[in-house]
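Residue-level listing of the chains:
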Amino acid sequence: MIYADYNGSAPLCTSVKDYLFKRLEKGPFANPNAIHYLGSKTLMGMENARAVCAKVLGADFDQVIFNSGATEGISTVFHSILKNEVNKKIIIISGIEHSAIINTANYYASERGFEVKVLPVNGDGVVDLEMLKVWIGQNKKNIAMISIMAANNETGVIQPYKEINSLCVDNGIPFLCDTTQFIGKTPFNFKESNFDYAVCSGHKLGALTGTGILLVKNPEGLCPLIIGGGQEKGHRGGTQNYLGNETLAVALNTLNEGFVKLEELSKKRNEFESKMKAAFPEVVILGENAPRLATTTYISYPGIHGQAVQIELESQDIFVTTSSACSDNMPVTSKVLKAMGVADDVGRGVVRISLCMNSPLEYYDQLTVALTSAYAKLTKVKSF
Ligand SMILES: Cc1ncc(COP(=O)(O)O)c(C=O)c1O
């Protein structure tokens, strides 16, 4: 079996499983905010996990706020920045953001009168930095926040986040970088990034689902979304998911050790893509000319439904996804691909192959064989 949907969700990582088995045997299980012995011990375990996460992510201990995942982190940041904002009315996002960003920005537009400006991207799915400079120049005093991702969930394309961050810092604009797909897939250091805010989800990293981290440059200025009983130093109410938070530390640590394999993996991924293009010259690799996560391939055979390819691969025990949302059972080109100006026959043909750093390199050999046979079969019955 090849699981190739890590950008969707990662299976529990082996070190996390091993940790959990032992941890569940041993305990302690108590409210980490209780002052009795077991509470203090539980708290110590969780704070130890925070220290590990902070170290791996290059953040200060206090900059790590445990929560339920990226969506909550994103909602918290929008809330914190925009709650009391009355003068600045513009929110800038890009055309390839995840719905967790798009829908939140649109909510603030419809409910609170903000204006959402959507930065275009080029054919490889990279945001238009020059246009961002122009927009900032024209509207500087009126921009409440900018939210642009570090790496795209569909294409794996890495955005010019350093340049975007510098523009934000130079112009005093709060910047949220959606690092959900970036953290754990490539080395990341929060302090070096100098981002105001970054987010991640445990289930993308091999930790337990329902866990996550919000990284905040100046946590004392954060306005909590969930007030509750003052947990997480008042930044996020609710009794902490201490077991889950511990799994975040284990998973991040394991991934951190795996970064040495990145170069080899990226070479193997590129070889796989070249072989597919050589065998089928019609094949398109989305975002091919841009810097990409080493673990992602977004591949299309125009005219063949991505879903048909997915089913073919699944019959060989290989699990990939298509990007396309289904409307009335008609696969449609995803919003991300539309923003990239991708033609419909390409957009409807894509499958996303996303592995992790610790995936065996041989997977790409098996994928080459399986995808070659799927395309060879399906080109005989071209779908559209
Ligand atoms: C780029 C990006 N941002 C945000 C999210 C939302 O993450 P979650 O559903 O874990 O909160 C995802 C999930 O796929 C994502 O890929």
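Residues numbered from 1 in each chain as written. Predicted model: local features only at pLDDT ≥ 70, side-chain atom pairs only at ≥ 80, totals over all residues. Heavy atoms only, no water.

## So, the packing of aromatic side chains
Point 1. Applying the stated criterion across every chain yields a total of 13 aromatic pairs.
Point 2. When the centroid spacing of 5.3 Å and the interplanar angle of 85° are considered together, the rings of tyrosine 107 and tyrosine 108 count as edge-to-face.
Point 3. Between phenylalanine 272 and tyrosine 364, the aromatic rings sit 5.3 Å apart at their centres with planes inclined by 35°, giving tilted as the arrangement. A residue pair is termed long-range when its members are at least 10 positions apart, and phenylalanine 272 in helix α9 (residues 262–279) and tyrosine 364 in helix α13 (residues 362–378) qualify at 92 residues. In terms of burial, phenylalanine 272 and tyrosine 364 fall into one category: buried.
Point 4. Of the aromatic side chains, those joined through ring pairs into one cluster are Tyr161, Phe175, Phe182, Phe188 and Phe195.
Point 5. Over the aromatic face of phenylalanine 114 sits the side chain of lysine 89, whose NZ or CZ is 4.5 Å from the ring centroid. (Phe/Tyr/Trp six-rings, centres within 6.5 Å; stacked < 30°, edge-to-face > 60°. Helix = DSSP H or I, 4+ residues; strand = E, 2+ residues; numbered from the N terminus. Buried < 20%, exposed > 50% of the residue type's maximum accessible area, 1.4 Å probe, protein only. Lys NZ or Arg CZ within 6 Å of the ring centre and 35° of its normal.)

## Focus on the side chain of serine 193
Point 1. Among the secondary structure elements, serine 193 is positioned in helix α7 (residues 190–193).
Point 2. Here serine 193 is in contact with Asn165 and Phe188, once residues within four sequence places are set aside. (Contact = heavy atoms within 4.5 Å.)

## Focus: the domain arrangement of the chain
Point 1. What the domain assignment lists for the chain is domain 1 (2–8 + 260–381) and domain 2 (14–257).
Point 2. Approximately 2,200 Å² of surface area, both sides summed, lies buried where domain 1 meets domain 2, with 57% of it carried by carbon and sulfur atoms.
Point 3. When the buried surface of domain 1 facing domain 2 is broken down by residue, Leu293, Val336 and Met340 rank first, second and third, together holding 27% of it.
Point 4. Here domain 1 is connected to domain 2 by 0 salt bridges. (Domains from an automatic or database assignment. Buried area = accessible area lost by both parts, 1.4 Å probe. Salt bridge = Lys/Arg side-chain N within 4 Å of Asp/Glu carboxyl O.)

## Side note on the side chain of aspartate 124
Point 1. Checked against the element boundaries, aspartate 124 lands in the loop between β4 (115–119) and α5 (129–139).
Point 2. Notably, aspartate 124 is buried but unbridged: the nearest opposite-charge side chain belongs to arginine 292, and the N-O separation is 7.3 Å.
Point 3. Within the structure, aspartate 124 has its side chain in polar contact with the backbone nitrogen of glutamate 288 (distance 3.4 Å).
Point 4. In this structure, aspartate 124 is in contact with Val157, Gly287, Glu288, Asn289, Ala290 and Met340, ignoring residues within four places of it in sequence. (Lys, Arg positive; Asp, Glu negative; His and termini not counted. Polar contact = N/O pair within 3.5 Å; in protein donor to acceptor, adjacent residues only side chain to side chain.)

## Quick word on the site of the ligand
Point 1. As a structural note, the neighbourhood of the ligand is formed by Ala70, Thr71, His98, Met149, Asn153, Asp178, Thr180, Gln181, Ser201, His203 and Lys204.
Point 2. A distance of 3.3 Å separates a nitrogen atom of the ligand from a polar side-chain atom of threonine 180.
Point 3. Side-chain polar atom of glutamine 181 to an oxygen atom of the ligand: 2.7 Å apart, as the coordinates give it.
Point 4. Along the lines of polarity and charge, the residues of the shell around the ligand split into 2 nonpolar, 7 polar and 2 charged. (Near = heavy atom within 4 Å. Nonpolar A, V, L, I, M, F, W, Y, C, P; charged D, E, K, R; others polar.)

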